[in-house]
Amino acid sequence: MRYLSYPAPQRYTVMIYLIGSQAPLPSTTSVGSEVHDATGSPSPNVSMTYSDVADALNDVYFWVILAFGFPGNLLAFGTILTMKPRLRFTVYVATLALVDNVCLAIKVVYFNLNSYQVDIGDVGCQLMQFLGTFTGQWANWLLVMMTTERLVDFTMPLLSRQINKRHYLILNAIIIALLLGVNGTSFKIYYFDRETRTCSDSYTRESTMYDFVYINAIVEMVVYSLLPVLCLSIMSCLIIRRLYTSVNNIERRFSIQMPALIKRKRFNQNITVTTIVACVIFSLLVTPRPLYYFVEMKWDEVKQKSYSRLLEQIFFAMSDSCHAVNFYIYFLSNRLFRRRLLELAKKAFMYISDFLQVKCYGLTRQKTLGSVMEVWTIQQGTYTRRNSQL
């Protein structure tokens, strides 16, 4: 995603920076205190500027996101596909985990290519930028589609039964086509800068590309964060209102809650809590970044503040972390997901334990011990041991 910055009076820079800001702004304001030696005189070169803090954050934060997000998304993908019943909602969750991991993988490749100044050429820069921005936007809109499916299921149950898999595939194909069209401009904007040996999108104000890049940056800003946040906010409120009223109406009709009603209520509550929490956290993470740049574009003096780049880097870290937190949202907010994950972890532990016993103690899959034979079998997807007589 691209944002705007003016590091020099005569140059225009759109800060795509899939990983973070890479064009430090001049700053001399210290964020720490000077260290004094034994004589009381200040020691030189020990104060840290806001730009130094931003550089340190830029070097570290993405590896933290990758360490927590990549395995978390894999666990979410594997766990959600084993849960029953398998609804369209669960398919969206699994797809979202997969797309988030693809986005993180592309970002780490882009980060290392720029860090080591690898000459990937203009086409390489354009392709990496296109894939990184497209997967990031697609992940955000998958969350919108997931929430839309929940909204239709709650508010229009009859219509929900008439909508089949083909209709959702068509709708998702339309969204993907629109995102491909929005990000197709990457092949016109980006190039490999031979001087800095990094991918760039900088143009002078006299260039014919100046206005085009400016407008394209605002469009991507809206598509990546502002429009999804607006849709999620409206749909989340409607889901909460509809769920509350529907459950209350059913409870008024029956003086005694039947088991089917209790099960339905609990299932709806689990899915609703997960969806709402995911929407709220997503909005909190991605909203500050575009708002900051709108403020920066309107008031030029904001860009000259010493803490400008540090805030910018913090908002980059928040925005990128939205691709790594979904697993932890599901685990903390959804009791069914948490129970299924613990069941899979227990089965995996039992399997590994038995496997190590076979390897470490020299046991074979079939070993005669007097009149008793231990046989390791896989029954209905679980790893168990049973005793059988010879």
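Conventions adopted
- Residues numbered from 1 in each chain as written.
- Predicted model: local features only at pLDDT ≥ 70, side-chain atom pairs only at ≥ 80, totals over all residues.
- Heavy atoms only, no water.
- UniProt positions renumbered as here; feature names shortened; annotations may be inferred.
- Helix = DSSP H or I, 4+ residues; strand = E, 2+ residues; numbered from the N terminus.
- pLDDT = per-residue confidence, 0-100.
- Contact = heavy atoms within 4.5 Å.
- Buried < 20%, exposed > 50% of the residue type's maximum accessible area, 1.4 Å probe, protein only.
- Polar contact = N/O pair within 3.5 Å; in protein donor to acceptor, adjacent residues only side chain to side chain.
- Expected span 1.5 Å × (residues − 1).
- Salt bridge = Lys/Arg side-chain N within 4 Å of Asp/Glu carboxyl O.
- Disulfide = S-S within 2.5 Å.

### Section: the UniProt feature "transmembrane region" (unreviewed entry) in the protein chain
Turning to step 1, where the next piece is worked out: Summarizing the sequence annotation, UniProt attributes the feature "transmembrane region" (unreviewed entry) to residues 60–82, 89–110, 130–148, 169–192, 212–240, 271–294 and 314–332 in the numbering used throughout.
Turning to step 2, where the next piece is worked out: Within residues 130–148, the helical portion is 100% and the strand portion 0%, while the C-alpha atoms at the span's ends are 26 Å from each other.
Turning to step 3, where the next piece is worked out: Helix and strand shares over residues 169–192 are 79% and 8% respectively, and the end C-alpha atoms of the span are 37 Å apart.

### Some thoughts on the confidence of the model for the protein chain
Turning to step 1, where the next piece is worked out: Looking at the protein chain, the pLDDT average stands at 75 and 71% of residues meet or exceed 70.
Turning to step 2, where the next piece is worked out: Contacts for the low-pLDDT stretch residues 1–46, under 50 throughout, to residues beyond four places or in other chains number 149 contacts.

### Some details on the side chain of Asn 183
Turning to step 1, where the next piece is worked out: With respect to the secondary-structure elements, Asn 183 resides in helix H5 (residues 165–183).
Turning to step 2, where the next piece is worked out: Take Asn 183: its relative accessible area is 0%, and that puts it in the buried class.
Turning to step 3, where the next piece is worked out: For Asn 183, the side chain forms a polar contact with the side chain of Gln 137, separated by 2.8 Å.
Turning to step 4, where the next piece is worked out: A polar contact of 2.7 Å, which involves the side chain of Asn 183, links it to the backbone oxygen of Leu 179.
Turning to step 5, where the next piece is worked out: The contact partners of Asn 183, leaving out residues within four places of it in the chain, are Phe 130, Thr 133, Phe 134, Gln 137 and Glu 220.

### Description of helix H11 (residues 308–321)
Turning to step 1, where the next piece is worked out: Under the 1.5 Å per step criterion, the end-to-end length of H11 is 20 Å for 14 residues, consistent within 8% with the ideal 20 Å.
Turning to step 2, where the next piece is worked out: In terms of burial, H11 is a largely internal element, eleven of the 14 residues being buried.
Turning to step 3, where the next piece is worked out: Every buried residue of H11 is accounted for by Ser 308, Arg 309, Leu 310, Glu 312, Gln 313, Phe 315, Phe 316, Ala 317, Ser 319, Asp 320 and Ser 321.

### Brief notes about the pattern of salt bridges
Turning to step 1, where the next piece is worked out: All chains considered together, the criterion is met by five salt bridges.
Turning to step 2, where the next piece is worked out: Note that Arg 309 is salt-bridged to Asp 55, the shortest N-O span being 2.7 Å. Of this pair, Arg 309 sits in helix H11 while Asp 55 sits in helix H1 (residues 50–81); the two residues are 254 residues apart in sequence, bridging distant segments of the chain.
Turning to step 3, where the next piece is worked out: Under the relative-accessibility criterion, Asp 55 is labelled partly exposed at 29%.
Turning to step 4, where the next piece is worked out: Where Glu 149 meets Arg 150, a salt bridge forms, and the shortest distance between an N and an O atom there is 3.1 Å. Assigned by exposure class, Glu 149 and Arg 150 land together as buried.

### Topic: the state of the cysteines
Turning to step 1, where the next piece is worked out: Under the counting rule described, the total for this entry stands at one disulfide.
Turning to step 2, where the next piece is worked out: Paired by a disulfide, Cys 125 and Cys 199 hold their sulfur atoms 2.1 Å apart. Taking the torsion about the S-S bond as the criterion, the Cys 125 to Cys 199 disulfide, at about -80 degrees, is left-handed. Of this pair, Cys 125 sits in helix H3 (residues 121–155) while Cys 199 is found in strand E4 (residues 198–200), placing the two residues 74 residues apart along the sequence.
Turning to step 3, where the next piece is worked out: Summary of cysteine pairing: Cys 103 is not part of a disulfide, and the nearest cysteine sulfur, belonging to Cys 322, is at 7.8 Å.
Turning to step 4, where the next piece is worked out: No disulfide involves Cys 237; its nearest neighbouring cysteine sulfur is the one of Cys 279, lying 9.9 Å away.

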